[in-house]
Amino acid sequence: MTGYRLRVALGLLLCPGFVWSAEKPNSCVECHKQVEGQTRGPATLAAEDVHFQRGLSCVDCHGGDPTAMDPQAAMDPAKGFLGRPRREQIPQFCARCHADPATMRKYNPNLPTDQYAKYLTSQHGKRFSVGDADVPVCISCHEAHGIRSKKDPASPVYPTNIPGTCASCHSDASIMDKHGLPVNQHWDYSQSVHGQALLFRGDRAAPHCASCHGSHEAAKPRTVAIGNVCAQCHSLTRDLFAKSPHKAAHEALGLPECEVCHGNHLIRKPSDEMLGTGQDAVCVSCHEPGSTGYVTAQQMRSAIEQLKTHMASAEAAVRHAAELGMDVGDAEFELREAMTQLTQERTYVHSFSAATMEPIAEEGTHHALRAEGQARQAIREFHFRRQGLWVTLIILALVVSGLLLKIRDLERSDSTDKMDDTSPRDSS
Amino acid sequence: MGYFEHLRAFLHERYRLGGLVDLATHKTVPIHRHSVWYYWGGMTLVLIGIQIISGVLLLLYYRPSAQEAFESVRFLMTRVQFGWLVRSVHAWAANLAIFCAMVHLASVFFLKAYRPPRELTWVTGVVLLFLLFGFGFTGYLLPWNTLAFFATKVGTEIAGIVPVVGPVVQIFLRGGSDVGDVTITRFFWLHVAILPIGLMTLLSLHLLMIQLQGMSKPPWVKSNRSMPFFPNFFLRDLVAWSLILGIVLCVSVHWPATLGEKADPFAPTPVGIQPEWYFLWMFQTLKIFPGHLFGLEGELVAVGLTGLAGLALLLVPWLDRPARREQSSWLVWAVGVLGIAYVVGMTGYALWVKPH
Amino acid sequence: MCPRQPLSRRVFLALCLRGGGLALLGAALYPILRYLYPPRGVESSVSSVAAAKVGDLATNTAKIFRFGSRPGLLIRSPQGELKAFSAVCTHLNCTVQYDSDASIIWCACHNGKYDLNGQVISGPPPRPLDAYQVNVRGEDIIVSKTS
């Protein structure tokens, strides 16, 4: 507790707002710091507040007279004291400044001023207008005091914190049941490829709730708009889809575009098994066996499988060569190119045409075959080294046996010489 | 007369080569049951020859700088034809040369070949072994991989422990306060210029002394049986050399020298950093020494004792007084056995504790 | 004494010693000569590489070059500046390419787009491309990893 106070005190000392308020005595902070209970909080939280840091103080939102030391005088409604706004007053309370471009320009010219207008169009805002007490207002997501910039990692609306902030209501069955809404979105999202990227790998480029639903204007994307939502990032995939025969079919049947196959909150990393006519294939849920679509699905899947087979064979050869201690840099380079083609081919699935995928598959196969060729060359080189060693060893063995024979000859003749020494030598 | 005889006559006429030829051929090699130890010096010699050839070849592609050393060695290993073989042979023959030199030293010690008048042959031999250690230490850093970098860091750290001269030697070796770009230039300079000059000079002296004085025979061998060095013993030498060449090739092809990761001076020291095997016993001695001994720093005592051991090794011909009177002393024998047991034991211990 | 036997023995000896010696010499010289022959046009160093010749790249074109075992992208921008990046898309490791119509770097796999500073413009890439340093040394454009 003491530590906390110390930190707050330090924060107050260090922040420019405090310097300002130190020059002009701020009776709000002076008094509220000393009272116990609920109204003590704001005085201690203010230091981390983005408003306070930009020179705004209690009086700028709540009114009153901070120079008066007497509580009665300081909180005199005659001096414009507003007190604590009621919940249903809050959006307008904030909008006094945040919807006014002239005011906002003084503090943060980049900040939009349409949040309030957007809020009123959102599902939340619409329910708010009819007096629903469950829906969030500004402070539900941004806090009342201690409001931080959305760029501050401690802010509840920092990208990695957004899913948790939304879930504080949307995973609460006691609220959602009343409105007939499910509570599993956060769980589903956290299992999805997007949730994993954002929540577990901290990848802030991954989409969170607001990326698809909007923030102040939050609403359920409409069926026809889903493609546009996904296309914010997956633009090529969407373009391919829009040119494919599926576009018209989905429109005719009133089906959402991407969602039919990939789902919404629980979007898993797509697998090749989703394509084709197998057990996990999504194609067969619409396309009957024998139909053109069914055949195309089979062809597309086999195009991918073919490239994968070539790559697997090349990878095995490269691995084998690497295990033998050979340099496989070239082959790995080719394999990487093949992988690029495979990834691209998987994207071009969304053209739903086997003919479009064919040239990509060919290009990938070409790289995979080259990688395999280079790996096999390295393996041959390895065996050549072994053979070279054997040849050299045989030569060495030949030399050694020659030397040994020579020594034997030499020493035999030496001993004959010695015997000969006793008798006169023959003329030869 | 063949061409060879013509040439010989031509040179003989002009330079009176008779003395040189005599020097090369007059020597005989005693025959007794310890004769097998006479091969080890020759094997060390041929390994040094392999080192010179492979080292000169490596110079063609190696670039001595922290930026390029690792890449140039990798280039040599992967892109240059037979580059892998040249480097592997250089690495393996280096280890085998040090091993053979150690065996040679031990055999000369136990056969008491350092007895007068061969004291200086012994001294040059011991200094040659130290030079080989120097080659190993400086050469190990040159590929600039993580293991070598940190082993060098630790090695030069140890040099700094020696009082008075230690810090100077350390700065001299590192070329600065830490192992870095300058160090690689210095080690390269030592490895390919300074040490080779020393090696060639001492090696020539060592061989010349042997040719002048002939082969020593242990004091307890009474037989006078011998064979001419040339060609009888020389042919046997050739057999041994062929065998060692075969061994070098086999290990180089089957276990080619590896390269590892490029050294990152800012990375934390990885665990299990060990120097080359021939320094392990010293390294382990340092490790097991208590922090403080007789009021002195333990490391200092360990380094001091190792230095004294080196000095004693150098002075063996004078320390072994009985040998000067052609007598064998059990004490000298025991000291030698204990010394070898210590070095082998410590090396084994270091290798054994490594995985834990 | 039979004269035949020593003769064949002598021939065999000569074969072993002279022939073996010559073969050994050949076995030593073959790898050495192959070693001395310069390897085909590859630079030894991987922390920097000669990516192209100065004249190779017209304005608003690019070239994929090999940087170790990974591809790099060398660009001459419409303003004539030379820039180099790792050509590995930060999304799923595809190889990116230069789109001269839009003067952007483009990944064909998922339409990831980067500007000529390597920053992400649009598409799924989570991070900018790794940038390399470009220097011109004589005729060569040298690309090196920034340390």
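So, a few notes on the structure that sits alongside this text. (Residues numbered from 1 in each chain as written. Chains lettered and ligands numbered in written order. Predicted model: local features only at pLDDT ≥ 70, side-chain atom pairs only at ≥ 80, totals over all residues.)

1. Points about the overall build of chain C
So, step 1. When helices and strands are tallied, chain C shows 1 helix and 10 strands.
So, step 2. Within chain C, the fraction of its 147 residues that count as buried is 29%. (Helix = DSSP H or I, 4+ residues; strand = E, 2+ residues; numbered from the N terminus. Buried ≥ 20, exposed ≤ 12 C-beta atoms within 10 Å, placed from the backbone.)

2. Looking at the interface of chain B and chain C
So, step 1. Between chain B and chain C, the residue contacts involve 15 residues of the former and 12 residues of the latter.
So, step 2. Listing elements by their share of the side of chain B that touches chain C, those giving two or more residues are α4 (69-78) and α5 (83-110) of chain B.
So, step 3. When its residues are assigned to classes, the side of chain B that touches chain C shows 8 nonpolar, 4 polar and 3 charged. (Contact = placed C-beta atoms within 7 Å. Nonpolar A, V, L, I, M, F, W, Y, C, P; charged D, E, K, R; others polar.)

3. Side note on the interface of chain C and chain A
So, step 1. Taken together, the contact between chain C and chain A spans 22 residues of the former and 25 residues of the latter.
So, step 2. Broken down by element, the residue count for the side of chain C that touches chain A peaks at 8 residues, all from helix α1 (residues 4-36) of chain C.
So, step 3. Among the residues making up the side of chain C that touches chain A, the classes are represented as 12 nonpolar, 9 polar and 1 charged.

4. Section: the sheet that holds strand β8 (residues 120-122) of chain C
Residue and element names in this part refer to chain C.
So, step 1. If you walk across this open sheet you meet the 4 strands as β5-β6-β7-β8, and the pairing is antiparallel. The open sheet is flanked by β5 (97-99) and β8, the only strands paired with a single partner. Along the sheet, successive strands turn relative to each other by an average axial angle of 40 degrees, direction set aside.
So, step 2. With 2 bridges connecting them, strand β7 (residues 112-114) and β8 associate as antiparallel partners. Bridging across to β8, Y114 finds its partner in V120. (Pairing = 2+ DSSP bridges. Axes fitted to C-alpha atoms, helices over the stretch in contact; angles between N-to-C directions.)

5. A word on the nonpolar core
So, step 1. By size, the foremost hydrophobic cluster in this structure holds 77 residues, and its most contacted members are M43(B), L47(B), A93(B), A97(B), W144(B), A148(B) and V248(B).
So, step 2. Per element, the largest residue contribution to this core is 15 residues, and it comes from α5(B).
So, step 3. When sequence neighbours within four positions are dropped, the list of residues in contact with A148(B) reads Y140(B), L141(B), P143(B) and A263(B).
So, step 4. In this structure, L236(A), I304(A), A321(A) and M357(A) belong to the second largest nonpolar core, which totals 31 residues. (Core = buried A, V, L, I, M, F, W, Y, C linked by C-beta atoms within 7 Å.)

6. Examining the sheet that holds strand β10 (residues 140-145) of chain C
Residues and elements named next belong to chain C.
So, step 1. Pairing in this open sheet of 6 strands is antiparallel, and the strands run β1-β10-β9-β4-β3-β2 from one edge to the other. Two strands in the sheet have a free side with no partner beyond their single neighbour: β1 (48-53) and β2 (61-67). The mean inter-strand angle of the sheet, taken between neighbouring strand axes irrespective of direction, is 30 degrees.
So, step 2. The sheet contact formed by β1 and β10 spans 5 bridges and is antiparallel. Bridged to K53 within β10 is D140.

7. Here we look at unusual backbone geometry
So, step 1. With an omega of 10 degrees, the peptide bond between P116(B) and P117(B) qualifies as cis.
So, step 2. Relative to the elements of secondary structure, P117(B) occurs in the loop between α5 and α6 (119-141).
So, step 3. In this structure, the amide linkage connecting F230(B) to the following residue, P231(B), adopts the cis form with an omega of 0 degrees.
So, step 4. You can see P231(B) is positioned in helix α10 (residues 229-254).
So, step 5. Its identity is not glycine, yet S103(C) carries a phi of approximately 55 degrees, on the positive side.
So, step 6. Locating S103(C) in the fold gives a position in the loop between β5 and β6 (104-107).
So, step 7. For S103(C), a count of 14 C-beta atoms within 10 Å puts it in the partly exposed group.

Shape descriptors only; they carry no functional weight alone.
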